[in-house]
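What follows is each chain in one-letter form.
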Amino acid sequence: VCAQGYSPTGLYTADDPATADDDNLVARTIDLPCEANGEFPAALPECKPNTCGMPPKVEKSTYVDREYVFTESVTYSCDTGYTLSGKAGTTDAKTLACQWDGTWPEAPSCLPVECGEAPMPTNAELLGFESHPAMIKFDEPMLNYTCNLGYSTDVFDDPWSRNSYQQSTFCKAD
């Protein structure tokens, strides 16, 4: 009798009585016929863990991409700048276990860290946006600002012949 999560083939199929999952142990029983010589076969069948195959792909994460079987697990670790919630300082890894029936639970998503609303310095203009963006995320391009006429990022700059009048910033990973 194979225990739940195991079958003679290592493959779960709902229609196969050897792998069917009900509480009836007969459903996972392996028949061992007596041969014509009055003996059992020399090679005894074994119960193998059911295979789940390759784990689900998760963008922006690292994990070991190989075939897994029942009782094995895969751990996804989100890339720098990504977490499971999109919030800085929160969990960035999740482990999934191969299920007894050869399936995987729902895969996690690695979301870009949210930095919040774009800062708006006084006497400057945010370039490249028609309106002020409400949420800036790690995976978005740099924010570029330009100072209004008469202003500079360098206190010693000549207001009429500015050299330092643009500033860039971006959403950091943490």
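The structure we're discussing is the one just above.
Residues numbered from 1 in each chain as written. Predicted model: local features only at pLDDT ≥ 70, side-chain atom pairs only at ≥ 80, totals over all residues. Heavy atoms only, no water.

## Describing the overall build of the protein
In step 1: Looking only at helices and strands, the protein has zero helices and 14 strands in total.
In step 2: The order of α-helices and β-strands along the protein, N terminus first, is β-β-β-β-β-β-β-β-β-β-β-β-β-β.
In step 3: In the protein, the proportion of contacts linking residues at least 24 apart, taken out of those at least 6 apart, comes to 44%.
In step 4: With the model as given, the accessible surface of the protein reaches about 11,400 Å², and the carbon-plus-sulfur share is 52%. (Helix = DSSP H or I, 4+ residues; strand = E, 2+ residues; numbered from the N terminus. Contact = heavy atoms within 4.5 Å. Areas by Shrake-Rupley, 256 points an atom, 1.4 Å probe, with all protein chains shown as cover.)

## Some remarks on the sheet that holds strand β6 (residues 73-78)
In step 1: Strand order in the open sheet formed by three strands is β4-β6-β8, with antiparallel pairing between adjacent strands. Two strands in the sheet have a free side with no partner beyond their single neighbour: β4 (61-62) and β8 (93-97).
In step 2: Relative to β6, β4 runs antiparallel, the two being bridged by two bridges. Within the sheet, the bridge partner assigned to Ser 61 lies in β6 and is Cys 78. (Pairing = 2+ DSSP bridges.)

## A word on the nonpolar core
Here is a general trend for soluble globular proteins: nonpolar side chains tend to be buried in one another's company.
In step 1: Ranked by size, the top nonpolar core spans 11 residues in total: Cys 52, Val 58, Tyr 68, Val 74, Tyr 76, Cys 78, Tyr 82, Leu 96, Cys 98, Trp 104 and Cys 110.
In step 2: Here this core takes three residues from β6, the largest share from any one element.
In step 3: Grouped together as the second largest cluster of nonpolar side chains are six residues, Ala 118, Ile 136, Leu 143 and Cys 171 included. (Core = buried A, V, L, I, M, F, W, Y, C linked by side-chain atoms within 4.5 Å. Buried < 20%, exposed > 50% of the residue type's maximum accessible area, 1.4 Å probe, protein only.)

## Considerations on the pattern of salt bridges
In step 1: One pass over the full model with this rule turns up three salt bridges.
In step 2: Across the pair Asp 65 and Lys 57 runs a salt bridge whose closest N-O atoms are separated by 3.5 Å.
In step 3: For Asp 65, a relative accessible area of 38% corresponds to the partly exposed category.
In step 4: A salt bridge links Glu 72 to Arg 66, with the shortest nitrogen-to-oxygen separation between them at 3.4 Å. (Salt bridge = Lys/Arg side-chain N within 4 Å of Asp/Glu carboxyl O.)

## Considerations on a nonpolar patch on the surface
In step 1: There is a patch of nonpolar side chains on the surface, built from Leu 32, Phe 40 and Leu 44 and spanning about 310 Å² of accessible area.
In step 2: The residue Phe 40 is located in the loop between β1 (6-7) and β2 (48-49) in this model. (Patch = residues over 30% accessible without salt bridge, like charges linked within 9 Å, V, L, I, M, F, W, Y side chains within 5 Å.)

## What to know about the pairing of strand β13 (residues 143-147)
In step 1: In terms of residue burial, β13 counts as a mostly covered element, since four of its five residues are buried.
In step 2: Looking at chain direction, strand β11 (residues 124-127) and β13 are connected through four bridges and run antiparallel. Paired with Leu 126 across the two strands is Tyr 145, which belongs to β13.
In step 3: Sheet topology note: the β13/strand β14 (residues 166-169) ladder contains four bridges and is antiparallel. Across the sheet, the residue bridging to Tyr 145 is Gln 167, located in β14.

## Focus on the side chain of Ser 61
In step 1: Mapped onto the elements of the fold, Ser 61 is located in strand β4.
In step 2: In terms of polar contacts, Ser 61 uses its side chain to reach the backbone carbonyl oxygen of Val 58, at 2.8 Å. (Polar contact = N/O pair within 3.5 Å; in protein donor to acceptor, adjacent residues only side chain to side chain.)

## Overview of unusual backbone geometry
In step 1: A positive phi angle, close to 85 degrees, is found at Thr 71, a residue other than glycine.
In step 2: Along the chain, the position of Thr 71 falls in the loop between β5 (68-69) and β6.
In step 3: In this structure, Asn 123 takes a positive phi of about 60 degrees despite not being glycine.
In step 4: Within the fold, Asn 123 resides in the loop between β10 (114-116) and β11.

Don't take any of this as a statement about function, it's just geometry.
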